[in-house]
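Topology and contacts: notes
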Amino acid sequence: CVEDAVFVPTLRKDRNEPEAAVAALGRAYAYGVPVDWEAFFAGTGARRVDVPTYAFQHQHYWLRSSTGAADAADLGLRPAAHPLLGAAMELAGGQGDVFTARLGLDTHPWLAGHAVRGSVILPGTAFVELALHAGVQVGCGCLEELTLSEPLVLPERNGVSVQLVVGPADAEGRRPVTFHARVDAADDEAWSTHATGTLVPGVAVPSAGPVAWPPQGAEELAIDGLYADFADGGFAYGPLFQGLRGVWRSGDEVFAEVALPEDAAGEAGRFGLHPALLDAALHALGVGGLLPEGAGGHLPFAWSGVSLHASGASGLRVRLSRSDTGGVSLAVADGAGAAVLSVDSLVLRPVDGQAVVSGGVDRDCLFRLDWASVPMPMPT
């Protein structure tokens, strides 16, 4: 160990291998030994020069793409204009439109607030939001029906590639819509289908909401500890999804007030109707006794007659009642009572734990190789 040593100009005198001496001094200097460089180079004509400031000039020397593609338009696509979608493309020959996205907890961390049985799944309300947005883009503003066939699980690592395909219109202008997904870096796997439905032209006329709020004579229901109870039952909601503020019941109708947290209210304008806000409205179903029979919790399964009347709401007043088809209907308004969304019927079904697990978590497991002892047969 060398401590407080200083290499002085005597190392320069009578040396036969100057390059080797400089290299040796350089190694010593790199290890922290003080070197008197001015004395070492005295009389040699050496002078100090400025080091190139490459790292601070912000000049990039990476190879550039010959196409110079920088956005969706440069790739022959168009911006999808939605926080959960990346780009869109009209297929040639009138074969429909495709909307693409990559969803993951790294790019959309707020989705982690919607976990069921330990797996993060895309809310059913997000499928509705995306279908309505695509419908507006192609001139079909009403979602006639949408059936969710398989939960879309978001893995802890990587993300999920999504394709929302809107098919060509039939003679009445109705267009099929389908959601496909595949885990990132799984190009050898087939695309899985998670929802199918139909978009139709036009927008339904909203039904009138209650003039007074809360409705006169309605009984207020307790919601203290509701989200802790949900977590105990396998539904872990993050702050963005804990939007239920009050629930009332009057006869066969249930009324709910929901709102986004203050720090997220500014994001509402980027959506038609924020999926977390509509999801929170559905939390009133259990409080008000409108859920179907069956233990273990329920998830949205089939939506019918969904129309968006106004966008960007950060708080809602919701009226829920049983529909003629055995589901529930929703009349959704903003804080002033103006119509936001109407749903003719929503059918829910009990959670299938195995379906949630098989939706993506197994594909993200970490496997290892292990040795197992095998008994050898005794020689005869």
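Residues numbered from 1 in each chain as written. Predicted model: local features only at pLDDT ≥ 70, side-chain atom pairs only at ≥ 80, totals over all residues. Heavy atoms only, no water.

**Looking at the pairing of strand 15 (residues 315-322)**
Filter applied, for reference: At least two bridges found by DSSP between two strands are what make those strands a pair. What counts as a helix is a DSSP run of H or I of at least four residues, what counts as a strand is a run of E of at least two, and both are numbered from the N terminus.
Two elements, strand 13 (residues 253-259) and strand 15, share six bridges in a ladder whose sense is antiparallel. The partner of glutamate 257 across the bridge, within strand 15, is arginine 317. Across six bridges, strand 15 lies against strand 16 (residues 328-333) in antiparallel orientation. Bridge pairing links leucine 320 to leucine 330 in strand 16. The turn linking strand 15 back onto strand 16 is made up of five residues, and glycine 326 within it adopts a positive phi angle of 95°.

**What to know about the sheet that holds strand 5 (residues 119-120)**
Strands belonging to one sheet form pairs held by backbone hydrogen bonds; the direction of such a pair is parallel or antiparallel. Read from one edge to the other, the open sheet built from three strands follows the order 5-4-11, with strand pairing classed as antiparallel. With partners counted over all chains shown, the strands left at the sheet margins are strand 5 and strand 11 (235-237), one partner each. Judged from the three bridges that link them, strand 4 (residues 114-116) and strand 11 form a sheet pairing that is antiparallel. Residue pairing for strand 11: histidine 114 is matched across the bridge by tyrosine 237.

**A closer look at the packing of helix 3 (residues 124-137) against helix 5 (residues 275-282)**
Using the following cut-off: Structural elements are reduced to axes, namely lines fitted to C-alpha atoms, with helices fitted over the stretch in contact, and the angle between N-to-C directions of any two is expressed from 0 to 180 degrees. Roughly parallel covers angles under 35 degrees, roughly antiparallel covers those over 145, roughly perpendicular covers 65 to 115, and oblique covers all other angles. Helix crossings get a hand from a simple test, with the near helix turned counterclockwise from the far one by less than a right angle marking a left-handed crossing and a clockwise turn marking a right-handed one. In this description, contact between two residues means that some pair of their heavy atoms is separated by no more than 4.5 Å. Throughout this entry, Asp, Glu, Lys and Arg are counted as charged residues, while Ala, Val, Leu, Ile, Met, Phe, Trp, Tyr, Cys and Pro are counted as nonpolar. The remaining residues, Gly among them, count as polar.
Interaxial distance between helix 3 and helix 5 falls to 8 Å at its minimum, and their mutual angle equals 130°. Considering their axes alone, helix 3 and helix 5 lie oblique with respect to each other. Here the hand of the crossing between helix 3 and helix 5 comes out right-handed. Along the contact surface, helix 3 presents Thr125, Ala126 and Glu129, while helix 5 presents Pro275, Leu278, Asp279 and Leu282. Broken down by class, the residue content of the contact of helix 3 with helix 5 amounts to four nonpolar, one polar and two charged.

**A few points about the pattern of salt bridges**
Our working rule: Salt bridges are defined by distance alone: a side-chain nitrogen of Lys or Arg within 4 Å of a carboxyl oxygen of Asp or Glu. Relative accessibility under 20% of the residue-type maximum defines a buried residue, over 50% an exposed one, and the middle range a partly exposed one, all with a 1.4 Å probe and only protein chains included.
With the rule as written, the count across this model stands at eight salt bridges. For glutamate 144, the salt bridge is made with arginine 174, and the minimal N-O distance between the two is 2.7 Å. Here glutamate 144, found in strand 6 (residues 142-148), pairs with arginine 174, found in the loop between strand 7 (160-166) and strand 8 (175-183); they are 30 residues apart in sequence, far enough to count as distant. The exposure class assigned to glutamate 144 is partly exposed, which follows from its relative accessible area of 31%. On the accessibility criterion, arginine 174 (27% relative accessible area) is partly exposed.

**A closer look at helix 3**
In an α-helix, one turn spans 3.6 residues, which is why side chains three or four residues apart end up on the same side. Applied cut-off: Any helix carries an expected span of 1.5 Å times its number of residues minus one.
Helix length check: helix 3, at 14 residues, gives a terminal C-alpha distance of 21 Å against a target of 20 Å (1.5 Å per residue), a fit within 8%. Of all 14 residues in helix 3, 12 are buried; the element is thus mostly enclosed. If you check which residues of helix 3 are buried, you get Gly124, Thr125, Ala126, Phe127, Val128, Glu129, Leu130, Ala131, Leu132, His133, Ala134 and Gly135. Following helix 3 by one or two positions, glycine 139 has its phi on the positive side, about 85°.

**Re the side chain of histidine 133**
By the secondary structure assignment, histidine 133 is in helix 3. Every residue in contact with histidine 133, bar those within four places of it in the chain, is listed here: Ala80, Ala81, His82 and Leu85.

**Details of the pairing of strand 12 (residues 244-250)**
Relative to strand 12, strand 10 (residues 219-221) runs antiparallel, the two sharing three bridges. Note on strand 12: the bridge partner recorded for leucine 221 is valine 247. Note that strand 12 and strand 13 share six bridges and pair antiparallel. Across the sheet, serine 250 pairs through a bridge with glutamate 253, a residue of strand 13. In this antiparallel pair of consecutive strands, strand 12 and strand 13, the connection spans two residues, and glycine 251 shows a positive phi of 65°.

**Observations regarding the nonpolar core**
Put simply, the rule reads: Side-chain atoms within 4.5 Å are what join buried Ala, Val, Leu, Ile, Met, Phe, Trp, Tyr and Cys residues into a set we call a nonpolar core.
Ranked by internal contacts, the top residues of the largest apolar core, which has 81 residues, are Leu146, Phe179, Trp303, Leu316, Leu320, Leu330 and Leu341. Among the elements that take part in this core, helix 3 stands out by supplying seven residues, more than any other. Those residues within four positions of tryptophan 303 in sequence are excluded, and the remaining contacts are Gly124, Thr125, Val128, Glu144, Glu145, Leu146, Leu148, Leu278, Leu282, Val343, Ser345 and Leu346.

**Considering helix 5**
Burial analysis of helix 5 places eight of its eight residues in the buried class, which makes it a mostly covered element. For helix 5, the complete set of buried residues consists of Pro275, Ala276, Leu277, Leu278, Asp279, Ala280, Ala281 and Leu282.

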